[in-house]
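Listed below are the residues making up each chain.
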Amino acid sequence: MSLPPFSGDEPTCIKCGQTGAHTEYIPARTVRWTGYQATECLQRNCRRCGYAWDEAVVPPCPCTENSICSSCYDRRYP
Ligand SMILES: [Zn+2]
Ligand SMILES: [Zn+2]
């Protein structure tokens, strides 16, 4: 089962329609209340109703020591 991509800082809860959710990083090979989690993921928790769902971690960026990727550049020099 593949995870949906990370939905950013203001996802919409599919249960209550609230905008915005808490994010918690779940490392790979973690035993959770939902069972064994083989791959790392981000757990989102609705701030209003507490509904939780999983999303994929953001893909690793192509930065190296000597060059900065465009998304990191935008974040650093807005
Ligand atoms: Zn909710
Ligand atoms: Zn980068």
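This report concerns the structure included in the present document. (Residues numbered from 1 in each chain as written. Chains lettered and ligands numbered in written order. Predicted model: local features only at pLDDT ≥ 70, side-chain atom pairs only at ≥ 80, totals over all residues.)

### Comments concerning the overall build of the protein chain
Counting secondary structure elements, the protein chain contains one helix and five strands. Mapped in sequence order, the helices and strands of the protein chain form the string β-β-β-β-β-α. Since a compact globule built from 78 residues should have a radius of gyration of about 12 Å, the 15 Å found for the protein chain marks it as more spread out than a globular shape. C-alpha extents for the protein chain along the principal axes are approximately 45 × 30 × 15 Å. Relative to its 78 residues, the protein chain shows a buried fraction of 6%. Look at the contacts in the protein chain between residues 6 or more apart in sequence, and 42% of them connect residues 24 or more apart. (Helix = DSSP H or I, 4+ residues; strand = E, 2+ residues; numbered from the N terminus. Rg over C-alpha atoms; globule rule 2.2 N^0.38 Å. Buried ≥ 20, exposed ≤ 12 C-beta atoms within 10 Å, placed from the backbone. Contact = placed C-beta atoms within 7 Å.)

### A short note on the sheet that holds strand E5 (residues 52-55)
Pairing is antiparallel across the open sheet formed by three strands, whose spatial order is E1-E4-E5. What marks the edges here is a single partner per strand, and that holds for strand E1 (21-26) and E5. Strand-to-strand, the axes of this sheet are offset by a mean angle of 30°, without reference to chain direction. Of the pairings in the sheet, the one linking strand E4 (residues 41-46) to E5 comprises four bridges and is antiparallel in character. Paired with Leu-42 across the strands is Glu-55, a residue of E5. (Pairing = 2+ DSSP bridges. Axes fitted to C-alpha atoms, helices over the stretch in contact; angles between N-to-C directions.)

### Thoughts on the environment of Thr-39
Along the chain, Thr-39 turns up in the loop between strand E3 (35-37) and E4. Taking the C-alpha atoms as reference points, Thr-39 and Pro-62, separated by 23 residues in sequence, lie 21 Å from one another.

### Notes on unusual backbone geometry
Negative phi characterises most residues that are not glycine, and trans characterises most peptide bonds. We note that Arg-29 has phi near 55°; this positive angle belongs to a residue other than glycine. One can find Arg-29 in the loop between E1 and strand E2 (30-32).

### A word on the environment of Cys-16
Mapping Cys-16 onto the fold places it in the segment before E1. Overall, the presence of 12 C-beta atoms within 10 Å leaves Cys-16 in the exposed class. Expressed as a C-alpha distance, the spacing of Cys-16 and Cys-49, which sit 33 residues apart in the sequence, is 6.8 Å. Not counting chain neighbours up to four residues away, the residues in contact with Cys-16 comprise Cys-46, Arg-48 and Cys-49.

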